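# Coordinate analysis (summary)
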Amino acid sequence: MSDLSIVRAHQFDDIEQQHDASWIGMWVFLGTEVMFFGGMFTGYTLYRNAYPQAFASASNHLDIWLGTINTAVLICSSFTMALAVRSAQLGERKPIINFLLLTILLGAVFLGIKFTEYYFKFEEHLVPGAAFNYEASLARPAEIFFSFYFAMTGMHALHMIIGIGLLTVLIIKARRGRFSAVYHTPVELVGLYWHFVDIVWIFLFPLLYLVGRHL
Amino acid sequence: MNEQSIERREHYLNVNYGIRSWLFTTDHKRIAWLYLLSVTFFFFIGGFFATLIRLELLTPQGDLVQAETYNKLFTMHGVTMVFFFLIPSIPAVLGNFLVPMMIGARDLAFPRLNLASWYIFILGGLFTVAAAAAGGVDTGWTFYTPYSSIYSNTHVALTVVGIFITGFSSILTGLNFIVTIHTMRAPGMTWFRLPLFIWAHYATSIIFILGTPVIAIALTLVGLERIFHLGIFDPALGGDPLLFQHLFWFYSHPAVYIMILPAMGVVSELIACFSRKRVFGYGFVAFSSLAIAVLGFLVWGHHMFVAGQSVHAGMVFSLLSFLVAIPSAIKVFNWTATLHKGSVSYNAPMLYALGFIGLFTIGGLTGLFLATLGIDIHVHDTYFVIAHFHYIMVGGAVMGYLGGIHFWWPKMTGRIYPEVWARIAALVIFIGFNLTFFPQFILGYLGMPRRYHVYPPEFQVLNVMSTAGASILAVGYVLPLLYLMWSLRYGAVAGANPWRARGLEWQTASPPPTDNFDRTPIVTEGAYAYEKEPEEIYTFGKPAHV
Amino acid sequence: MAARVDALFFFLVGVSLFFAALICILIVYFAIKYRRRSEDEQPAPIEGDLRLEILWTVIPLGLTMVMFVWGAKLFFVTYHPPSNSLEINVVAKQWMWKVQHPEGQSEIDELHIPLGRPIKLILTSQDVIHDFFVPAFRVKKDVLPGRYTTLWFEATKAGEYHLFCAQYCGTQHSGMVGRIVVMEPTQYQTWLSGGTTGIAMATAGAKLFQTLGCATCHMENDTGRGPSLVGLFGKTVQLQGGKSMVADETYIRESILNPSAKVVAGYQPIMPTFKGLISEDGIFQIIAYLKSLNRQEGAQAQK
């Protein structure tokens, strides 16, 4: 049991207490994230209710194919993340690193597609501000839609970038052999975080991309 | 106990020296000191702004500063006091120091996160000080749109970034407290044996966690609107200026409970110790803290009764606002009942606690005026509101903070403060406070609006009275600064338990060792078992040091 | 109304004085009676008393509910101006009040009104949020950009009263003050007809209706591209998408500035926006004109 005492921080009495504390801590943190994104979702909902036509029209200007691909990419990345957590629980080392790398790769693909979409919007004069250009009768609420689009997806992208940073730190630790079947809490916690960021996107995608679309 | 035995015994203050041992500490007690110095700094900055405001208001004309400067003064006073003093003060100073000790733990659950919290707080403060130095901000601490998002020509973005960053400090502190209280209580320390200070901080942490992110996003959206011209609150685009008010007050109302709940926790400790008996109705006081935290999230619309909400929304918020007053009333009655058949001593902390109960009662009762729809129409946005919240925040929270600092000073420093000077200061503060703020209730009823740089001459007499009181209050605040610093060198040396209190924090040396307890405490009784000796309440098990 | 607000106010003052005094007296009394007389004194432990807890929960609850109901009733009255109110339009801007009487008189930072008659103010802002506050009448309402808010009062004593802006609005917020001048009805009539005569708002509105081109689509016989507006004001309109709403001041303002937001059922969303082409004063004049069409229609129907 001596290697366990290396990973127990001095303020905790035993490993179980440390593990419990870490879990509760991450869930509480995710609670704050729900409130954070919740503010934006609330604002979005109120304006969509007030301007349904303009929001539907503006939503149709988003590239539904890129959005769908991104959704698939992110769901896959959650899968690879779950596989990484599984490998950690089994005490493996190389599979953890490989699955974490895959997750980062998929996350990078997501971000690449996202920023490409941003670039297209810039070209189409759909970025709010002086250069915004839209059909006159719907222009103002459409600009509000795009304000929410950039604010919400931008905030989400920022969380993804932070997530990729966390995954990188995990890879470094895994390479140094810091995880085992008995101790792999950081992998589990980052997994929770990554799944949460994924779930936020699952809400964002239909709300932003699928307003008033018909198959 | 003499001078030499303090120096020979190792404790958290002398275990190592040097600036690096402080700036890179993970000891919750040292982090509490880092916060103590920072919030004191911000308190006097905010007080400086207040001084200029009261000086200007001596005369009806705007003769001391220009209108734009005055608007910046009241904005900066509010921002500094609310975000950089009131919200952190008790939780980050007394909470950080005492939460682990009161539950018998060696530290908080996440000590490095705790240190990060302080650095984040300082970073946020730097941004805000930078905004002030660059010319200030003039939107009022409430940042109402579209004035703040479009019309103001001042450093709004810089200030909201500062507040946003500081918000993370609150969130991380709250997270740390919740996890610590859930998972790290000593053996035998069940929930209903916890001191009421812990219940209060637990409830406060819930508000930190659920509320702070919402103001983060509200201010972020204002910042984005200013920098990138996103049009979320812009009425010219069809945006809703009221949306900001809802998002802002959804946090900022619970925020006032963040400011008062910890002070109520302190008062419970003080009343129990200086009556030498347990708090009357412990369970009711504990649950009322939780009730205030929960109900506090449901009343934000009472800041918007005349803002253009529907009449039905107004009625719902009014009803809920009356309900949230009830738990506070329950506490006041229970504290008063604790004095009955107690053994009451008049040490300075007790004077602050008794003053708190009186002033908080007045502040809380005037809150009922504001919750009453028919009356709020008249006094909303007048000096009545200003008087109300200063009674709670200054007459309540600041008095609670000072009472706590005095009470736990021996534990934190190993020194006793000079009792005579402390009682004098408490009295000066009490008198100065009432003279400053009571006339403002009358001013508000007579119709003097808030945030007015110039005012009709018929309001002058009451304004002069208020400024006179403020000058007395200022003296009262400077006194503790002086004698507390004096006591660090010349104060009498304190024993482990100079007040003969029953809390766990008093069962270890003053100042405590780095790991708080030499041996793990085991708890067999509830808090405030004053009828028993400490040995009957706590036993000490295996050595705590790892 | 002011007297009713004061009655409630002083009821609360009474209750507050009672409880504040009760607590303060009890504290002082207990602190003295039970002061520590010896260092080793040990009071008997007292846990609590459920009956007391119930008592001091139920009594405050009862009192606060009385306050709530009383206050809510007063509040409700302020939201329902009498139907015979004299309507006056107010546009707030940094940092002045522009008052527009229906007969055409306009004022800056002053409002002349007759006593004994309910006055309904329709307010909007050209820029930031302001607040119309008359302490003497115990009335206050925020004035918002992009929306209309209303407040009403009835003055009972002639005289001059303070008007304050009570929502911080920028540099000259404390300079945005004025006065309400309450006059005997006959004096008010004299004041209306004296001084610079403005055009009646409805007449000005009729002119705007022509010059801005509204008449080209909104023809009276309903043959134009847009619906006829005769008798529209106050009527319930059927919108595209199944919703219906009452055509009030806010609806008309939105239809002028953001026409595609609510399109009448059976019509195309082709109305252009007049944002930037018409001022808040102009919108008030159009509204006054449309209200006058109701009276005309009523008069014609009676013939």
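Heads up: the structure comes first, above all this text.
Right, let's walk through the structure included here. These numbers were taken from a predicted model, which means no experiment stands behind them.

## Brief notes about the overall build of chain B
- Counting secondary structure elements, chain B contains 17 helices and 2 strands.
- Here chain B has a C-alpha radius of gyration of 23 Å; the compact-globule value for 546 residues is 24 Å, and the two agree.
- Relative to its full complement of 546 residues, chain B shows a buried share of 66%.
- In chain B, of all internal contacts separated by at least 6 residues, the share reaching a separation of at least 24 is 83%.

## So, the overall build of chain C
- Of the regular secondary structure elements, chain C holds 7 helices and 12 strands.
- At 27 Å, chain C has a C-alpha radius of gyration far larger than the 19 Å of a compact globule built from 303 residues.
- Projected onto its principal axes, the C-alpha coordinates of chain C cover approximately 95 × 50 × 45 Å.
- Classification of the 303 residues of chain C by burial places 35% in the buried group.
- Considering only contacts in chain C between residues 6 or more positions apart, those separated by 24 or more positions represent 64%.

## Looking at the sheet that holds strand β2 (residues 96-100) of chain C
Residue and element names in this part refer to chain C.
- Sheet architecture is open: 5 strands sit in the order β3-β2-β1-β5-β8, paired in mixed fashion. Unpaired on one side and paired on the other, β3 (106-108) and β8 (149-154) mark the two borders of the sheet. This sheet shows a mean twist of 25° between the axes of neighbouring strands, independent of strand direction.
- Across 3 bridges, β2 lies against β3 in antiparallel orientation. Bridge assignment links K98 to a residue of β3, and that residue is I108.

## Brief notes about the interface of chain C and chain A
- Tallying the contact residues gives 6 residues for chain C and 6 residues for chain A.
- By residue class, the composition of the side of chain C that touches chain A is 3 nonpolar, 3 polar and no charged.

## A look at the interface of chain C and chain B
- Contacts between chain C and chain B engage 70 residues on the former and 70 residues on the latter.
- Looking at the side of chain C that touches chain B, the elements with two or more residues in it are α1 (2-33), α2 (50-78), β6 (130-134), β7 (139-143) and β9 (159-165) of chain C.
- Considering every element that reaches the side of chain C that touches chain B, the biggest residue donor is α2(C), with 16 residues.
- Among the residues forming the side of chain C that touches chain B, the class breakdown is 40 nonpolar, 18 polar and 12 charged.

## With respect to helix α16 (residues 460-490) of chain B
All names here are of chain B.
- The terminal C-alpha atoms of α16, which comprises 31 residues, lie 45 Å apart, in line with the 45 Å expected from a rise of 1.5 Å per residue.
- Listed in full, the buried residues belonging to α16 are L462, N463, S466, T467, G469, A470, L473, P480, L484 and S487.
- On the buried face of α16, the contacting elements are α3 (28-56), α14 (383-413) and α15 (419-446).

## Digging into the nonpolar core
- In terms of nonpolar packing, the biggest core is built from 306 residues, with I103(B), A218(B), V267(B) and I357(B) touching the most fellow members.
- Here this core gets 23 residues from one element, more than from any other, and that element is helix α9 (residues 241-275) of chain B.
- Taken together, domain 1 (1-9 + 53-80) and domain 2 (86-193) of chain C each give at least three residues to this core, which thus spans both.
- Other than its neighbours up to four places away in sequence, I357(B) contacts V267(B), V332(B), W335(B), T336(B), I23(C) and I27(C).
- Counting residues in hydrophobic clusters, the runner-up holds 17 residues, among them A202(C), I256(C), I283(C) and I287(C).

## Re the pairing of strand β1 (residues 86-93) of chain C
All names here are of chain C.
- The buried fraction of β1 amounts to 6 of the 8 residues, a majority that puts the element mostly inside the structure.
- In the sheet, β1 pairs with β2 via 5 bridges, with the strands oriented antiparallel. Considered in β2, the bridge of K93 is made with M96.
- In textbook terms, the turn of a hairpin is the stretch between consecutive antiparallel strands, and for β1 and β2 this stretch comprises 2 residues.

Reading guide: rules and limits
- Residues numbered from 1 in each chain as written.
- Chains lettered and ligands numbered in written order.
- Predicted model: local features only at pLDDT ≥ 70, side-chain atom pairs only at ≥ 80, totals over all residues.
- Helix = DSSP H or I, 4+ residues; strand = E, 2+ residues; numbered from the N terminus.
- Rg over C-alpha atoms; globule rule 2.2 N^0.38 Å.
- Buried ≥ 20, exposed ≤ 12 C-beta atoms within 10 Å, placed from the backbone.
- Contact = placed C-beta atoms within 7 Å.
- Pairing = 2+ DSSP bridges.
- Axes fitted to C-alpha atoms, helices over the stretch in contact; angles between N-to-C directions.
- Nonpolar A, V, L, I, M, F, W, Y, C, P; charged D, E, K, R; others polar.
- Expected span 1.5 Å × (residues − 1).
- Core = buried A, V, L, I, M, F, W, Y, C linked by C-beta atoms within 7 Å.
- Domains from an automatic or database assignment.

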